[in-house]
Amino acid sequence: MKKGTQLFLEALKEEGVDTIFGYPGGYVLDIFDELYKQNEIQLVLPRHEQAAVHAADAYARATGKVGVCLATSGPGATNLVTGIANANYDSVPIVCFTGQVPLELIGNDAFQEVDFIGITRSVCKYGVMVRDRKDLGRIIKEAFYIARTGKPGPVVVDLPSNIMKEMMKDSYPTEVYIRGYKPNEDVHIGQLKRAVKLLKEAKKPLFLCGGGINIAHANEVFLQLAEIVKIPVVTTVMGKGAIPTEHPLYVGSLGMHGCYAANKAVSQCDLLFSIGTRFNDRITGKISEFAKEAKIVHIDIDTAAISRNIKVDIPVVADAKLAIEKMLTMVKQCDVKQWLEKIEDWKKEHPLFVKQGDKINPQKIIEGINHVYDDFIVVTDVGQHQMWTTQFLSLDSNKKLLTSGGLGAMGFGFPGAIGAQIACPKKQVICITGDGGFQMNMAEMATAVAWELPIVILVLNNSFLGMVRQQQQYFCEKHYYGTCLKERKSCHRASCTAPEQCPPYIPDFLKFAESYHVAGFRVTEESEIEQTLKEAAKTAQQNKAPVLVEFILERYDIVLPIVRHGGTLDNMILEQN
């Protein structure tokens, strides 16, 4: 005979779980008590449940394993919602366990009772409440299977406290059978042959790589494919790293803040061979004008993603890695010399850059990372710094990027870096964040210190919610409101024309770091960038603790190019007004 909590722990071990990100509370006390009695699974205690799910998300992205988080009922569970939605949009396999009031109290407005399955139904891959003790093992087994198979995603399992206390003689199942859930594990060879035929006939073909390649760990086989056919490659933000960024076939990322050459190439190609992207509005612009001269091939594991946003000519429902492996036996080099030359001309015509101002140029910071670090995982928050990172960061098999793409969740960066560092203790993990995003989960400094994590935290401080501010600049007639992080009640927006008269920035990030016994650096000169990056990594390793580096940016720098909402990819804003 065993309690539900004992079977729960047995299940985690059988699924290969070694780390769980969890925050205690009344209706998960029995689970925490069971975790106390063992040593195989480590518990990471965050300072907020949102950080727990973001850390589990990044842990999964960094390892390819299923991330696991645990929270109590009511507010503990609802604090997970943003992270669950984030993992859902970016197809990250996590299982979120939440406590729940006893079954007999459900529907009675009991203390900390919420219908969490109802709340998360639209933002997770699958959600279920365990209503019978005999189903507990089966449901957990199915949860892990659903999370990692097919198109990966988050699964929510709600655990009423009486179920977890109930005794039963059972064991964790070894097999899964879910009626109606049959992930595709094959490739339709006929469709793939049609796609390859178009590839051979095209004069201006282009690969478009989405996050599906990174999720499927298909980077190596895709590089082989690209080098055989020798056609150019563009990526989405989430697809960056599908091919080394210094590779001569790599053009850049496309979309709202994509590079000029990539957007022009998509607009003028005659075949867009897309793999693992859902064609969201950030990359398509005006749908009726997107790649309108091209035949479109779409390989994706998710049937529902094909032709949902962009009508395609040849759909191939398949895992990216499996499809690419099949293609390797079918393809040969394409004759597209003139097309490659045209793309090179576009690269030279409008290269990516950030206009130099009086203070530190963010491009120089990212390029400094490229020069100083050889083996790293960069985790970004969301905003301008995220776009500058995706524009200028060099990636290869030793250099990885984790970021919140589909949801664009501010606050992801720092807890994500914690999850990545715990997952990969030998890697140098770098958190690139803005002064706005960092403040959303900055209390996780306590978690990073407690776990002795040598994360290098780079805070790019322009005193604004920069991405929103630049949208106000271009699309709201420069009505800057709610985006200045220096603003006080006594400020007068109409006369805000002299930055030197602004009140001091709060908080003082170096004093914040000091309060956690963490080393801090403030960089105001570009000549200091690389030396500070070296010193930060050295100090982090020596102290077995995070290090915070604050870079004081030009306040009004913007991310270029910009494609207007609903505009076309080849009609880009290329200069700051």
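Use the structure listed above.
From a predicted model like this one, the values you see are computed outputs, not experimental measurements.

Reading guide: rules and limits
Residues numbered from 1 in each chain as written. Predicted model: local features only at pLDDT ≥ 70, side-chain atom pairs only at ≥ 80, totals over all residues. Heavy atoms only, no water. Pairing = 2+ DSSP bridges. Helix = DSSP H or I, 4+ residues; strand = E, 2+ residues; numbered from the N terminus. Axes fitted to C-alpha atoms, helices over the stretch in contact; angles between N-to-C directions. Phe/Tyr/Trp six-rings, centres within 6.5 Å; stacked < 30°, edge-to-face > 60°. Buried < 20%, exposed > 50% of the residue type's maximum accessible area, 1.4 Å probe, protein only. Core = buried A, V, L, I, M, F, W, Y, C linked by side-chain atoms within 4.5 Å. Contact = heavy atoms within 4.5 Å.

Q: Would you mind going over the sheet that holds strand 6 (residues 126-129) in detail, with residue names and values included?
A: Ordered in space as 3-2-4-5-7-6, the six strands form an open sheet in which the pairing is parallel. Looking along the sheet, the strands with just one partner apiece sit at the ends: strand 3 (42-44) and strand 6. Put simply, the sheet's adjacent strands are angled 20° from each other on average, direction ignored. Of the strand pairs in this sheet, strand 4 (residues 67-71) and strand 5 (residues 94-100) are connected by five bridges, and their pairing is parallel. Bridging across to strand 5, Ala71 finds its partner in Thr98.

Q: Any chance you could break down the packing of aromatic side chains for me, citing the residues and the numbers?
A: Geometrically, a pair of aromatic rings is defined through the distance of the ring centres and the angle of the planes. The final tally for this structure, using the stated rule, is 15 aromatic pairs. With 6.0 Å between their ring centres and 65° between their planes, Phe21 and Tyr59 make a pair best called edge-to-face. Linking Phe21 in strand 2 (residues 19-22) with Tyr59 in helix 3 (residues 49-63), this pair joins segments that are 38 residues apart in sequence. For Tyr59, a relative accessible area of 4% translates into the label buried. Seen in terms of ring centroids, Phe438 and Phe512 are 5.9 Å apart; in terms of plane orientation they differ by 85°. Their pairing is edge-to-face. Taken together, the residues Phe438 in helix 19 (residues 435-440) and Phe512 in helix 22 (residues 509-515) connect sequence positions 74 residues apart. Classification of Phe438 as buried rests on a relative accessible area of 1%. Note on Phe512: relative accessible area 12%, which makes it buried. Pairwise contacts between aromatic rings join Phe414, Phe438, Tyr505, Phe509, Phe512 and Tyr516 into one cluster.

Q: Let's hear about helix 1 (residues 4-14): which residues, and what values?
A: For helix 1, every residue scored as buried is listed here: Gly4, Thr5, Leu7, Phe8, Leu9, Ala11 and Leu12. Gly16 sits one or two residues past helix 1 and shows a positive phi near 75°.

Q: Tell me about the nonpolar core, and name the residues and values.
A: Phe222, Leu272 and Phe273 are the most contacted members of the largest nonpolar core, which has 66 residues in total. Excluding anything up to four places from it in sequence, Phe273 contacts Ala195, Leu199, Leu206, Phe207, Leu208, Val297, Ile299 and Met327. Counting residues in hydrophobic clusters, the runner-up holds 52 residues, among them Phe21, Ala55, Ala56 and Ala448.

Q: I'd like to hear about the sheet that holds strand 16 (residues 399-402), residue by residue, with values.
A: Spatial ordering of the open sheet is given by 16-15-17-18-20-19, a layout of six strands whose pairing is parallel. Taken across any chain shown, the strands that pair with only one partner, and hence form the sheet edges, are strand 16 and strand 19 (519-523). Adjacent strand axes in the sheet meet at a mean angle of 20° when their direction is disregarded. Pairing between strand 18 (residues 456-461) and strand 20 (residues 547-552): six bridges, direction parallel. What sits directly across from Asn461, in strand 20, is Ile552.

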